[in-house]
Amino acid sequence: MQTSDMRNIKHYIFTQTTISVGESVHGLGERFGPFNKVGQTVSLWNADGGTSSDQAYKNISFWMSSRGYGVFIDTPERVDLEIGSERCCRTQTSVKGQRLKWYLIYGPSPREILQRYSILTGTPGSMPAWSFGLWLSTSFTTSYDEATVNSFLSGMKARDIPVEVFHFDCFWLKPFQWCDFAFDPDTFPDPAGQIARLKAEGTVKKTCVWINPYLGQASPVFAEAAANGYLLKRLNGDIFQWDLWQTGMAIIDFTNPAACTWFVSRLNALFDLGVDCIKTDFGERIPSVDVAWHDTSLDPRRMHNYYSFLYNALVYRALQTRFGPRSAVLFARSATAGTQRFPLTWGGDCESTPEAMAESIRGGLSLGLCGFSFWSVDIGGFEGSPAPWIYKRWVAWGLLCSHSRLHGSNSYRVPWTVDNDDSSPEGCSAVLAKWTHLKARLMPYLFAQAQESTRGGLPLSLRAMCIEFPEDPTAWTLDRQFMVGDRLLVAPIFEDDGTVQFYLPAGRWTNFFTGEVKAGPGWVEETHGFGTLPLYVREGTLLVLGKEGERRTVYDYAADVEVRSYFVKEGTRAVVVDEEGEEAVVLEVKGGEIVGREGLKGDCVFIHCCE
């Protein structure tokens, strides 16, 4: 009966693979639900759904199995998966059409799977050292001017909180003219002068501005873009417009080379003003019906997710052209397979709750299992106003992400606005200062680990525990803790009273703050104030730190350092890189001694933390 009339039949290609006993499935992009995808139905279709949804900003058609293999579904269009949700013992994949291509990637370790996946889709781009410092935003819908910006930065400096990047969000542009690439002259009459003054005063090193790939009809450049064919069209030749996000919104057609040239010229004008990096927001609301792209050979269904690749690639390459191949930085929300080449991304719109902290961590862990080395989060949460305890707990693990940004929606994230400027050692300002200083000291380790991560398609942070401990079945279940590189374990705290449970894999682990040693495997429960969290150093580590009291993000990572040894053995190594990420010094344990120390400079300290 179904096939008696084929005119309305839709064609799908459908596959099934077995889910073996005890097997788990991970990845598929930045997904905020359960870390193990078995039992879930997943649709790979970019959407602006926040972090409390099964929708995702970054849908990646790659998944990894705990059984030592990965599957890359080689298509940019919508993919629907039933992972043990229709047939309990099957992962089902379906794509509308008559063609489905996927790669079976053998490991057997997660490291090998990710390295081979990155051969197919591209290794992550390198990031400059300055980008690892603290980013401060104006927040999204808050109003601000030069005086507000100055007050934020001077307040941070007075509280000994170094800010590396200041980000101008949304209202650097005239309201509802998004995105016309021009500072609002009513609030920023001299943007080039303002940026120059900020840098000259030393309160900030770099600046960033928010953009999106859309044009509201109220924008003064709308007519120019429309007249020149830079905007996506409908099948009847009209400009494609709708009122999602802003009235009469149109979409830049990045399949038109002339539109790309025009867009880059607008970016270059911002670089001329002193802007150093770009936040590429949005890119998910791309229509797939009644659409005529400039490149008429394209299938609109395949463009919905792929648009994020074109958008971020164009901006990233413009940044590379202006600042150099290793100095390009964007801050993206949408992504698809391959977008890891254009770092970095952040987790999108989360609430200011402990539940949203956990959602965000699950998203970062899942994305990291798809070849993305660098990831950030809106510290303190985006929606709403965080309670002081939530802000301080978020700050602690947020400064242990690869990149760290304070950002909210309709409320500021400078610490003194959160707790009525509590000046005590447990106040938000003091806590933020402490964790910012710790990240500065960790930079020799972080920046060296970043270079290794990009070469292998590994997440720097958040790195899922299963990457480092694939033979431990428990490691495949852990979604409330992560590794920073391959030597440091972090367990964020989600409770007001500071209690936390976490898992230590096999081996000896040393508390970074107290030096206490605990042996795994096993679960541990601890209670922490706001100045610490479970930060444990793995057995067999040479950890290179900046000197005590270091406040900078960029410095000579081989000078005046502190080298800590944790249960080292013959062959234990640590690589120190320079500011460009090139290998500068290799320390190695040989014959019971650390050799290579002659390559270090200045007053260096060696500490045996454990015997």
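Each chain has its residues counted from 1, running along the sequence as written. Since the coordinates come from a predicted model, pLDDT governs what is reported: local features require at least 70, and pairs of side-chain atoms require 80 or more to be given and counted, while whole-chain, interface and lining totals use all residues. The side-chain figures draw on all heavy atoms in the structure; neither hydrogens nor water molecules are used.

### Observations regarding the side chain of Ser429
In plain terms, the rule: The helix count covers DSSP runs of H or I at least four residues long, the strand count covers runs of E at least two residues long, and both are numbered beginning at the N terminus. Buried, partly exposed and exposed residues are distinguished by accessible area as a fraction of the type maximum, computed with a 1.4 Å probe on protein chains only: under 20%, between the cut-offs, and over 50%, respectively.
Along the chain, the position of Ser429 falls in helix H9 (residues 428–456). Judged by its relative accessible area of 7%, Ser429 is buried.

### Details of the sheet that holds strand E25 (residues 541–545)
We apply this condition: Only strands that DSSP links by at least two bridges are regarded as paired with each other. A fitted line through C-alpha atoms represents every axis, and for helices the fit uses only the stretch in contact; the resulting angles, taken between N-to-C directions, go from 0 to 180 degrees. Throughout, a contact is declared for two residues whenever any of their heavy atoms are within 4.5 Å.
In spatial order, the strands read E25-E26-E30; together these three strands make up an open sheet with mixed pairing. Of all strands in the sheet, those bounded by a partner on one side alone are E25 and strand E30 (605–608). Within the sheet, the average angular offset between the axes of one strand and its neighbour, ignoring direction, is 20°. Sheet analysis places strand E26 (residues 562–566) next to E30, joined by four bridges and oriented parallel. If you follow Arg564 over to E30, its bridge partner there is Ile607. Contacts from H9 reach E25 and E26, with the element oriented near 130° to E25.

### Quick word on the UniProt feature "domain: Glycoside hydrolase family 31 N-terminal" (unreviewed entry) in the chain
Note the cut-off: UniProt positions are given in the numbering used here, feature names are shortened, and annotations may be inferred rather than shown by experiment.
Taking the UniProt record as the reference, the feature "domain: Glycoside hydrolase family 31 N-terminal" (unreviewed entry) is found at residues 7–80. Here residues 7–80 is 0% helix and 35% strand, with 23 Å between the C-alpha atoms at its ends.

### Side note on the state of the cysteines
Filter applied, for reference: A pair of sulfur atoms, both from cysteines and within 2.5 Å, is called a disulfide here.
A complete count under the given rule lists zero disulfides for this structure. Free of any disulfide, Cys88 has its nearest neighbouring cysteine sulfur in Cys89, separated by 7.2 Å. Left without a disulfide partner, Cys277 is nearest to the cysteine sulfur of Cys208, which lies 4.0 Å away. Using a relative accessible area of 0% as the deciding quantity, one classes Cys277 as buried.

### Here we look at the packing of aromatic side chains
Our working rule: Aromatic pairing here means that ring centres of Phe, Tyr or Trp (its six-membered ring) are within 6.5 Å. Orientation follows from the plane angle: under 30 degrees is stacked, over 60 is edge-to-face, and everything else is tilted. Only lysine NZ and arginine CZ atoms are considered, and such an atom sits over a ring when it is within 6 Å of the ring centre and within 35 degrees of the ring normal.
By the definition in use, this model includes 47 aromatic pairs. Here Phe181 and Trp262 contribute two aromatic rings whose centre-to-centre distance is 6.4 Å and whose plane-to-plane angle is 90°, an arrangement assigned as edge-to-face. Remark: Trp262 occurs in helix H5 (residues 257–273) and Phe181 occurs in the loop between strand E10 (165–168) and helix H3 (191–201); sequence separation between them is 81 residues. Assigned by exposure class, Phe181 and Trp262 land together as buried. For the pair Trp293 and Tyr307, a centre-to-centre distance of 5.9 Å together with 40° between the ring planes defines the contact as tilted. Placement of the pair is Trp293 in the loop between strand E14 (277–280) and helix H6 (300–323) and Tyr307 in helix H6, with a sequence separation of 14 residues. The buried category is assigned to Trp293, whose relative accessible area is 4%. One aromatic cluster is present, built from ring pairs that chain together Phe140, Phe171, Phe176, Trp178, Trp210, Tyr214, Trp245, Phe282 and Phe382. In this structure, Arg234 packs its charged tip against the face of Phe240, placed 4.0 Å from the ring centre. Positioned above the aromatic ring of Phe530, the side-chain terminus of Lys392 is 4.0 Å from the ring centre.

### What to know about the packing of helix H8 (residues 388–398) against H9
In plain terms, the rule: Each angle receives one of four descriptions, namely roughly parallel if under 35 degrees, roughly antiparallel if over 145, roughly perpendicular if within 65 to 115, and oblique otherwise. Any residue outside Ala, Val, Leu, Ile, Met, Phe, Trp, Tyr, Cys, Pro, Asp, Glu, Lys and Arg is labelled polar, Gly included; the first ten of those are nonpolar and the last four are charged.
Contact pair H8 / H9: the axes reach a minimum separation of 9 Å and the direction vectors enclose 5°. One finds that H8 runs roughly parallel with respect to H9. Contacts between H8 and H9 pair Pro388, Tyr391, Lys392, Val395 and Ala396 from the former with Cys428, Val431, Leu432 and Trp435 from the latter. The residue inventory of the contact of H8 with H9, partitioned by class, reads eight nonpolar, no polar and one charged.

### Considerations on the sheet that holds strand E6 (residues 79–83)
In a beta sheet, neighbouring strands pair by backbone hydrogen bonds and run either parallel or antiparallel. Reading across the sheet, the four strands line up as E1-E7-E6-E3 and stay open at both edges, with antiparallel pairing between neighbours. Either end of the sheet is taken by a strand with one partner, and the two such strands are strand E1 (12–18) and strand E3 (40–44). Sheet twist, expressed as the average angle between the axes of neighbouring strands with direction ignored, equals 15°. Summarising the sheet, E6 and strand E7 (residues 90–96) pair through four bridges and their orientation is antiparallel. Bridging from a neighbouring strand, Ile83 pairs with Thr91 of E7.

### Observations regarding the pattern of salt bridges
It is possible for side chains of opposite charge to pair when their charged atoms get near one another. What counts, and what does not: Each salt bridge in this description consists of a side-chain nitrogen of Lys or Arg and a carboxyl oxygen of Asp or Glu lying within 4 Å of one another.
Taken as a whole, this structure holds 37 salt bridges when the rule is applied. Ionic pairing is found between Arg197 and Asp190, a salt bridge with its closest N-O pair at 3.3 Å. Taking the relative accessible area as the measure of exposure, Asp190 reaches 34% and is therefore partly exposed. Residues Arg552 and Glu550 are paired through a salt bridge, measuring 2.8 Å at the closest nitrogen-oxygen approach.

### Here's the deal with the packing of H5 against H6
Operational definition: By definition, any crossing whose near helix is turned counterclockwise from its far helix by less than a right angle is left-handed, and any crossing with a clockwise turn is right-handed.
Following both chains from N to C, one finds H5 and H6 inclined at 45°, their axes separated by 10 Å at the closest point. Taken together, the axes of H5 and H6 are oblique relative to one another. In this structure, H5 meets H6 at a crossing whose hand is right-handed. On H6, the residues touching Cys260, Phe263, Val264, Leu267, Asn268, Phe271 and Asp272 of H5 are Tyr311, Leu314, Val315, Ala318, Leu319, Arg322 and Phe323.

### A closer look at H5
Put simply, the rule is: By definition here, a helix of n residues has an expected span of 1.5 Å times n minus one.
Look at H5: 25 Å from first C-alpha to last across 17 residues, which is about the 24 Å you get at 1.5 Å a residue. On its buried face, H5 sits against strand E11 (206–211), strand E12 (214–215), helix H4 (222–227), E14 and H6. The first or second residue beyond H5 is Gly274, which carries a positive phi of 115°.

### Some words on the nonpolar core
To keep things clear, this is the line we draw: Only buried Ala, Val, Leu, Ile, Met, Phe, Trp, Tyr and Cys residues count toward a nonpolar core, and they belong to the same one when joined by side-chain atoms within 4.5 Å.
Residues Trp172 and Phe263 are the most contacted members of the largest nonpolar core, which totals 186 residues. In terms of residue count, H9 provides more of this core than any other element does, 13 residues in total. Once residues within four sequence positions are removed from consideration, Trp172 is found in contact with Tyr144, Phe181, Ala182, Phe183, Asp184, Phe188, Val209, Trp210, Ile211 and Leu270. Judged by nonpolar contacts, the second largest core, of 13 residues, contains Leu28, Val42, Trp63 and Val71.

### Some details on the side chain of Ser24
Put simply, the rule reads: N or O atoms within 3.5 Å of each other form a polar contact, as long as, within protein, one can give a hydrogen and the other can take it, and as long as residues adjacent in sequence are counted only when both atoms are side-chain atoms.
Within the secondary structure, Ser24 is located in the loop between E1 and strand E2 (25–27). In terms of polar contacts, Ser24 uses its side chain to reach the side chain of His26, at 2.8 Å. When sequence neighbours within four positions are dropped, the list of residues in contact with Ser24 reads Asn36, Val38, Met64, Ser65, Ser66 and Trp476.

### A closer look at the environment of Arg441
In this fold, Arg441 is placed in helix H9. With sequence-adjacent residues up to four places away left out, Arg441 is seen in contact with Leu545, Gly546, Lys547, Glu548, Glu550, Tyr555, Glu562 and Arg564. A polar contact of 2.9 Å, which involves the side chain of Arg441, links it to the side chain of Glu562.

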